[in-house]
Amino acid sequence: MGLVGTIPPHLGNLSFLSRFWIVNNSFHGSLPNQLANLRRLKYINLNYNEINGEIQSWFDSFTQLESLFLYGQILDAIGNLSTLKIFSLDTNQVSCSIPASVFNITSLELIDLSNNKLSCSIPSIALNVSSMQFIDFSVNGLSGNLPSDMFDKLPNLQGLYLFKNLISGRIPPNLFKCKELKVLSLAYNHFEGSLPSEISNLTMLKTLVISTNNLKGQIPYQIGNLLNLETLSIAENKLEGTIPSSIGNLTLLTNLHFYSNSLSGQLPSTTGLGLPKLDWLNLAINELSGPIPNAISNAYELTMIQLLNNSFSGFIPDTLGNLRYLKRLDLSHNHLSSKPSSPELSFLSSLTSCKDLQYLIFDDNPFISCELPISVGNLSASLTLFYASLCNIKGNIPSEIGNLSKLLWLGLDHNDLTGTIPTTIGRLRDLQNVNLGNNKLEGSIPFELCHLEKLAYFDSHSGSLPIDIGKWKSVTNLNLSKNQFSGAIPSSIDHLTDLTHLSLSGNMLQGSIPRSFDLLISLEYLDLSRNNLSGMIPKSLEKLSSLKYLNVSFNRLQGEIPNGGSFGNYTSQSFMGNEA
């Protein structure tokens, strides 16, 4: 409402008030003592104000209070609110300890102290708080072990949120007695030990997130008994062994994250069967091997598959094209290969059925050794990233690649591509990154590519420099090194005022270094070495105040080396092999 000022003391005269709600205002100062007269209050919400101070000792006069949403610190007096059901101090600057008295409120159903600066340990619970359903202490600095008997006193707990703290030790065995638990979120802590097989006792679980801890051992086979599970994340731990086939029992699962562990062996051949609702599969950064099962396409609601940084081998299944809702596919850094019966990457043709595909990444699979099909131009109109470097891809770049109108990043470097750069790439007006380096491409950089006004990075080892290169005004990194470029450096290059890195080394460029290079005001890195440049080093380069690296060695330059600006920071190696 935008109200400002302090809370007036005469509000304490409203003796019949049952709800006090002043959320999202700019009230400041302390709570007036007169509010203690509001003995009929059942609901207080002071969130998102600038009220100072602690929970006042006179709060115990609110003998009918059921819901309390505050901004401030916590006093032991909170334990006197015997009728309280909901207590929330989330997203404040609370930095004190959690008073044990809060668990003396036997009527309490929910406590939320998330997003604060609590740096204590969680206190022991003296009484049986059978009414407690939700505890949220997430995003704090809580440390120490969980009390060993904590969960003996919480028989009806449904949600436990402790993620993003500093809690250590083993997961207490009595946690698995909380058979009403639906959400268990322990991510981003320092929990140790193994994931006990008793986890299967929590049959009501819908969300199990224990990622980013120090858990070791294997994923228990019994995890397949959690038939209500929708989200399962045990990523970023130190788990070993194979993925149990019992995962296929989790028919309601939508998110499965096992990435960044040391899991090994092959995926169960039935992977995908029995997972009709699976939306996100992330098994990246493990030691998994063997083929990608064809059955994975039975998880027909998949939108994201991330299998990067493993040792998968065999053919990339053509059945991936059956995943009509697929948005992201990352198979990079594996040992996958192409079918010997086909000269082209047939799986790319199958993916043309995936009309929502946005990210397609399969770089660093050196056994692919195949050609790009012309059907690559029929991939999703939503595709923004196509990255296929280090795959030994042969043949020409199909001109149809120019149909991918939303493409932002095109990476085909370190392959065996031949022929010329298609002029149709110039139609991709949103293109920001192009990497075609380390291939066997021929001819010149097409004039049409100079119309790519959003281009920020370009790396190609092909042909001659276009005279209109200055139209790439958004380029920040231009790498055209180790080529056969000849002729003069185009004068229009001085229009690239956002350029920070420019490498033209290892070519056959002739003529002088343009004096107008001083207009490249953002330049930090300039490598013109190993060409046939002649004349003097322009004194105007002294104006490049951001230039940290300069190399003009092994040319035919003459005359004195400038000594102003950044030139005093360069060694003789930057200028060796010239005629000066």
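Residues numbered from 1 in each chain as written. Predicted model: local features only at pLDDT ≥ 70, side-chain atom pairs only at ≥ 80, totals over all residues. Heavy atoms only, no water.

Engineer: Just give me the short version of the overall build of the protein, but keep the residues and values in it.
Structural biologist: Scanning the protein from N- to C-terminus turns up one helix and 39 strands. In terms of overall dimensions, the protein is more spread out than a globule: its C-alpha atoms have a radius of gyration of 32 Å, far above the 25 Å expected for 580 residues. Taken along its principal axes, the extent of the C-alpha atoms in the protein is 90 × 60 × 40 Å. Every one of the 580 residues in the protein was classed for burial, and the buried ones make up 53%. Nonlocal contacts in the protein, meaning residues at least 24 apart in sequence, comprise 50% of its contacts between residues at least 6 apart. Total accessible area on the protein is roughly 24100 Å²; 49% of this is exposed by carbon and sulfur atoms. Both charge centroids of the protein, one from 36 positive and one from 44 negative side chains, sit 4 Å from each other. (Helix = DSSP H or I, 4+ residues; strand = E, 2+ residues; numbered from the N terminus. Rg over C-alpha atoms; globule rule 2.2 N^0.38 Å. Buried < 20%, exposed > 50% of the residue type's maximum accessible area, 1.4 Å probe, protein only. Contact = heavy atoms within 4.5 Å. Areas by Shrake-Rupley, 256 points an atom, 1.4 Å probe, with all protein chains shown as cover. Lys, Arg positive; Asp, Glu negative; His and termini not counted. Charge placed at Lys NZ, Arg CZ, Asp CG, Glu CD.)

Engineer: Summarise the side chain of N531; cite the residues concerned and give the values.
Structural biologist: By the secondary structure assignment, N531 is in the loop between strand 36 (525–527) and strand 37 (534–536). For N531, a relative accessible area of 5% gives the class buried. Setting aside anything within four residues of it in sequence, one finds N531 in contact with L504, S505, G506, N507, M508, L509, F554 and N555.

Engineer: If you had to explain the sheet that holds strand 10 (residues 143–145) to someone new, which residues and values would you point to?
Structural biologist: In space, the three strands of this open sheet follow the order 10-12-14, with parallel pairing throughout. With one partner strand each, in any of the chains shown, strand 10 and strand 14 (190–192) form the two edges of the open sheet. On average, each strand axis in the sheet is inclined to that of its neighbour by 10°, with strand direction left out of account. Two strands pair when backbone bridges link them, and strand 10 and strand 12 (residues 166–170) are joined in this way by three bridges, in the parallel orientation. Along strand 12, the bridge assignment pairs S143 with L166. (Pairing = 2+ DSSP bridges. Axes fitted to C-alpha atoms, helices over the stretch in contact; angles between N-to-C directions.)

Engineer: Describe the state of the cysteines, listing the residues and the values that go with them.
Structural biologist: Counting across every chain of the model gives zero disulfides. You can see C391 has no disulfide; the closest cysteine sulfur is in C370, sitting 11 Å from it. According to the relative accessible area criterion, C391 is buried, its value standing at 0%. (Disulfide = S-S within 2.5 Å.)

Engineer: Could you give me a rundown of the side chain of S138, with the residues and numbers involved?
Structural biologist: Structurally, the position occupied by S138 is in the loop between strand 9 (134–136) and strand 10. A polar contact is formed between the side chain of S138 and the side chain of D136, at a distance of 2.6 Å. If we ignore the near neighbours within four places in the chain, the residues touching S138 are S114, N115, Y161, L162, F163 and N165. (Polar contact = N/O pair within 3.5 Å; in protein donor to acceptor, adjacent residues only side chain to side chain.)

Engineer: Requested: an account of the sheet that holds strand 24 (residues 335–337), with residues and values cited.
Structural biologist: Strand order across the open sheet formed by four strands is 18-20-22-24, with parallel pairing between neighbours. Two strands close off the open sheet at either side, each with one partner strand: strand 18 (264–266) and strand 24. The sheet shows a mean angle of 15° between the axes of neighbouring strands, taken without regard to direction. When strand 20 (residues 287–290) meets strand 22 (residues 311–315), the two strands line up parallel, connected through two bridges. Residue pairing for strand 22: S289 is matched across the bridge by S311.

Engineer: Pulling in residues and values, what's your account of the pairing of strand 22?
Structural biologist: In the case of a regular strand, side chains alternate between the two sheet surfaces. Where strand 22 and strand 24 come together, three bridges link them in parallel fashion. Across the sheet, the residue bridging to G314 is L336, located in strand 24.

Engineer: Outline the pattern of salt bridges, listing residues and values.
Structural biologist: Applying the stated criterion across every chain yields a total of seven salt bridges. Residue D416 is joined to K394 by a salt bridge in which the shortest nitrogen-to-oxygen separation is 3.7 Å. Highlighted residues: D416 in strand 29 (residues 416–417) and K394 in strand 27 (residues 394–395), separated in sequence by 22 residues. The class of K394 is partly exposed, set by a relative accessible area of 36%. (Salt bridge = Lys/Arg side-chain N within 4 Å of Asp/Glu carboxyl O.)

Engineer: Outline unusual backbone geometry, listing residues and values.
Structural biologist: Positive phi outside glycine occurs at Y188, with the angle close to 60°. Summarising the element assignment, Y188 is placed in the loop between strand 13 (183–185) and strand 14. A relative accessible area of 40% means that Y188 is categorised as partly exposed. One non-glycine residue, H333, lies in positive phi territory at about 60°. Structurally, H333 can be placed in the loop between strand 23 (328–330) and strand 24. On the accessibility criterion, H333 (31% relative accessible area) is partly exposed.

Engineer: Please set out the nonpolar core residue by residue, giving values where relevant.
Structural biologist: Core analysis: the largest hydrophobic core is formed by 166 residues, its most contacted members being L232, L351, F362, F386 and W472. Not counting chain neighbours up to four residues away, the residues in contact with L232 comprise L208, I223, I247, L250, L253, N255, L256, H257 and F258. (Core = buried A, V, L, I, M, F, W, Y, C linked by side-chain atoms within 4.5 Å.)

Engineer: Quick one: what's the story with the packing of aromatic side chains, residue by residue and with numbers?
Structural biologist: A complete count under the given rule lists seven aromatic pairs for this structure. Centre to centre, the rings of F347 and F362 are 5.3 Å apart; their planes meet at 85°, and the pair counts as edge-to-face. With F347 in helix 1 (residues 346–350) and F362 in the loop between strand 25 (359–361) and strand 26 (385–387), the pair connects residues that are 15 residues apart, well separated along the chain. We note that F347, like F362, is buried. (Phe/Tyr/Trp six-rings, centres within 6.5 Å; stacked < 30°, edge-to-face > 60°.)

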